[in-house]
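Residues per chain, in single letters:
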Amino acid sequence: MNQIAGGIITFGGGVPLYSGGHISGGLGISGDTACTDHEIAKRVRDEAGLNPPGGKLVDDISYSSADGPSVFTHPLCLNTYRNNVLIGNELPATSY
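The paragraphs below set out a description of the structure included in this document. A quick note: this is a predicted structure, and the numbers were derived from the prediction, not measured.

## Structural notes on the overall build of the chain
Stage number 1. The helix and strand inventory of the chain stands at 2 helices and 4 strands.
Stage number 2. For the chain, the succession of helices and strands along the chain, N to C, is β-β-α-α-β-β.
Stage number 3. With 96 residues in all, the chain has 24% of them scored as buried.
Stage number 4. Across the chain, contacts joining residues at least 24 apart in sequence account for 31% of those joining residues at least 6 apart.

## What to know about the pattern of salt bridges
Oppositely charged side chains are able to pair whenever their charged atoms sit close together.
Stage number 1. Under the criterion given, the structure shown has 5 salt bridges.
Stage number 2. We note a salt bridge from K42 to D60, for which the minimum N-O separation is 2.2 Å. Of this pair, K42 sits in helix α1 (residues 34-47) while D60 sits in the loop between α1 and α2 (64-67), placing them 18 residues apart in sequence.
Stage number 3. Among the residues examined, K42 registers a relative accessible area of 5% and is labelled buried.

## Comments concerning the nonpolar core
Stage number 1. Formed by C35, I61, Y63, L76 and C77, the largest nonpolar core amounts to 5 residues.
Stage number 2. Not counting residues within four places of it along the chain, the set of residues in contact with C35 comprises Y63, H74, P75, L76, C77 and T80.

## Regarding the state of the cysteines
Stage number 1. Under the definition given, this model contains 1 disulfide.
Stage number 2. Between the sulfur atoms of C35 and its disulfide partner C77 the distance amounts to 2.1 Å. Because the sign of the S-S torsion sets the handedness, a value of about 75° for the bond joining C35 and C77 places this disulfide among the right-handed ones. Taken together, the residues span a long stretch of sequence, with C35 in helix α1 and C77 in the loop between α2 and β3 (80-82) at a distance of 42 residues.
Stage number 3. When its relative accessible area of 1% is taken as the criterion, C35 is described as buried.

## Focus: the environment of I87
Stage number 1. Its location among the elements puts I87 in strand β4 (residues 85-88).
Stage number 2. Given a relative accessible area of 25%, I87 falls into the partly exposed group.
Stage number 3. Through-space distance from the C-alpha of I87 to that of Y63 is 9.2 Å; in sequence the pair is 24 residues apart.
Stage number 4. Other than its neighbours up to four places away in sequence, I87 contacts Y63, A66, L76, T80, Y81 and R82.

## As for unusual backbone geometry
Stage number 1. One non-glycine residue, N79, lies in positive phi territory at about 50°.
Stage number 2. Its location among the elements puts N79 in the loop between α2 and β3.
Stage number 3. Given a relative accessible area of 47%, N79 falls into the partly exposed group.
Stage number 4. With phi around 70°, N84 is a residue other than glycine that occupies positive phi space.
Stage number 5. You can see N84 is positioned in the loop between β3 and β4.

Parameters and conventions
- Throughout this document, residue positions are counted from 1 along each chain, in the order its sequence is written.
- Thresholds applied to this predicted model are a pLDDT of at least 70 for local features of residues and 80 or more for the giving and counting of side-chain atom pairs; totals over whole chains, interfaces and linings are not thresholded and use all residues.
- Only heavy atoms go into the side-chain values, all of them from the structure, while hydrogens and water stay out.
- Under the scheme used here, helices are H or I runs from DSSP no shorter than 4 residues and strands are E runs no shorter than 2 residues, and both carry numbers assigned from the N terminus.
- Buried, partly exposed and exposed residues are distinguished by accessible area as a fraction of the type maximum, computed with a 1.4 Å probe on protein chains only: under 20%, between the cut-offs, and over 50%, respectively.
- By definition in these notes, contact holds between two residues if any of their heavy atoms fall within 4.5 Å.
- Think of a salt bridge as a Lys or Arg side-chain nitrogen and an Asp or Glu carboxyl oxygen that are within 4 Å of each other.
- Nonpolar cores were defined as sets of buried Ala, Val, Leu, Ile, Met, Phe, Trp, Tyr and Cys residues, with membership established by side-chain atoms within 4.5 Å.
- The criterion for a disulfide is a pair of cysteine sulfur atoms lying within 2.5 Å.

Spatial relationships are all this shows, so hold off on functional conclusions.
As structure tokens, this is what we get:
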């Protein structure tokens with residue numbers, strides 16, 4: 001008690017930056033949903049020419065409702081777009 005809790009909270013909205021096939025930094029965007037923030041970060045990275053080996057789409061987010069459930073998937077957000085294509089909305093919670 002009476003101590004500051006430390007830790008890291010992670011959520012979508014950031015992408016690694018690559019140079020010469022190696023990670024050279026990171027770019028984080030925050031201001032909308034995690035889904036939108038990630039898409040904007042990918043577009044900025046692409047415009048800067050700092051995409052990963054394999055191309056700009058290789059590290060797309062997998063969404064549970066669109067790609068199937070997995071421990072690695074992210075729920076859809078409101079108005080979720082992936083690569084400029086609307087893939088849906090997360091359903092509202094109905095009970096707890």
